[in-house]
Amino acid sequence: MESWVGAAAQLELTVTDADTAQAIGSGDVPVLATPRVLALAEAATVRALARHLATGATTVGSRVELEHTAPTVVGRTVIAHARLTKVDGRRLTFEVAVRDGETTVAQVRVERVLVDRQRFLAAAFGTAS
């Protein structure tokens, strides 16, 4: 997995009314909601790993640090750039920058853990033996 360091991906989102703090309930202003920024950042990390994971493997989020520093209004497009920066056993750490043009609107550190999908689901649904 050490060879995965540097794996990267990006995703873009054109902000709609449904993505705002007002719509999500995380605030009362019509700008991109922080929870939506987080979802975009996590989705970019998942995309960065997509070609690396063996059949039956997946990753799950375990820790996030997010600094949302600038508002983005409806109609603007943000791009989340995710890059895997560290592998520690099954723990994978990503740095994600979310930008609106030249403006960085958020910096996110996402930690994900590599798991066996079947075992994880069995434990989640109480069917593990």
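Keep in mind that what you see is a predicted model, and the values were worked out from it rather than measured.

*Asks:* Requested: an account of the pattern of salt bridges, with residues and values cited.
*Replies:* This structure, assessed with the given rule, holds eight salt bridges. The salt bridge partner of R63 is E65, with a shortest N-O separation of 3.4 Å. Between R109 and E65 there is a salt bridge, with its nearest N and O atoms 3.7 Å apart. Of this pair, R109 sits in strand β5 (residues 103–116) while E65 sits in strand β2 (residues 57–68), placing them 44 residues apart in sequence. The class for R109 is partly exposed, based on a relative accessible area of 37%. Here E65 falls in the partly exposed class, since its relative accessible area comes to 36%. One network of salt bridges, in which partners are shared, links R63, E65, E95 and R109.

*Asks:* I'd like a rundown of the pairing of β5, residues and numbers included.
*Replies:* In terms of strand pairing, β2 meets β5 through eleven bridges, oriented antiparallel. Counterpart to T58 in the pairing with β5 is V115. Between strand β4 (residues 91–100) and β5, which follow one another and run antiparallel, lie two residues, and G101 among them has a positive phi close to 65°.

*Asks:* Break down helix α3 (residues 117–124) for me, citing the residues and quoting the values.
*Replies:* By the N-cap criterion, in which a side-chain oxygen at the helix start approaches the backbone nitrogen of a residue two or three places on, α3 is capped by D116, the distance to Q118 being 3.1 Å. Trailing α3 by a residue or two, G126 shows a phi angle of about 70°, which is positive.

*Asks:* Kindly report on the sheet that holds strand β3 (residues 77–88), identifying the contributing residues and their values.
*Replies:* Strand order in this open sheet of five strands is β1-β3-β4-β5-β2, and the pairing throughout is antiparallel. A single partner strand is all that each edge strand has here, and the edge strands are β1 (8–14) and β2. Sheet twist, expressed as the average angle between the axes of neighbouring strands with direction ignored, equals 25°. Across nine bridges, the pairing between β3 and β4 is antiparallel. Bridged to L84 within β4 is F94.

*Asks:* Before we move on, could you go through the nonpolar core and cite the residues and values that matter?
*Replies:* Counting 27 residues, the largest nonpolar core has L40, V78, L84, L92, F94, V96 and V98 as the members making the most contacts within it. For this core, the element with the most residues is helix α2 (residues 34–49), which contributes six residues. The contacts of V98, once residues within four sequence positions are left out, are V37, L40, V78, I79, A80, T103, T104, V105 and A106.

Rules behind the numbers
- Starting from 1, residues in each chain are numbered consecutively following that chain's sequence as written.
- Totals for whole chains, interfaces and linings use all residues, but because this is a predicted model, local features are given only for residues with pLDDT of at least 70 and pairs of side-chain atoms are given and counted only at 80 or more.
- Calculation of side-chain values draws on the structure's entire complement of heavy atoms; hydrogens and water are dropped beforehand.
- The salt bridge definition used is simple: a Lys or Arg side-chain nitrogen within 4 Å of an Asp or Glu carboxyl oxygen.
- Each helix is a run of DSSP H or I of at least 4 residues and each strand a run of E of at least 2, with the numbering of both proceeding from the N terminus.
- Think of it in three bands: residues with accessible area under 20% of the maximum for their type are buried, residues over 50% are exposed, and the middle band is partly exposed, with areas taken using a 1.4 Å probe on protein chains only.
- Pairing between strands is defined by DSSP: at least two bridges between them are needed.
- Pairs of N or O atoms are called polar contacts if they sit within 3.5 Å, as long as, within protein, a hydrogen donor faces a hydrogen acceptor (for residues adjacent in sequence, only side-chain-to-side-chain pairs).
- Here, axes are lines fitted to C-alpha atoms. For helices the fit covers the stretch in contact, and angles between N-to-C directions go from 0 to 180 degrees.
- Note on terminology: a nonpolar core comprises buried Ala, Val, Leu, Ile, Met, Phe, Trp, Tyr and Cys residues joined through side-chain atoms within 4.5 Å.
- Only heavy atoms matter for contacts: two residues are in contact if any of them lie within 4.5 Å across the pair.

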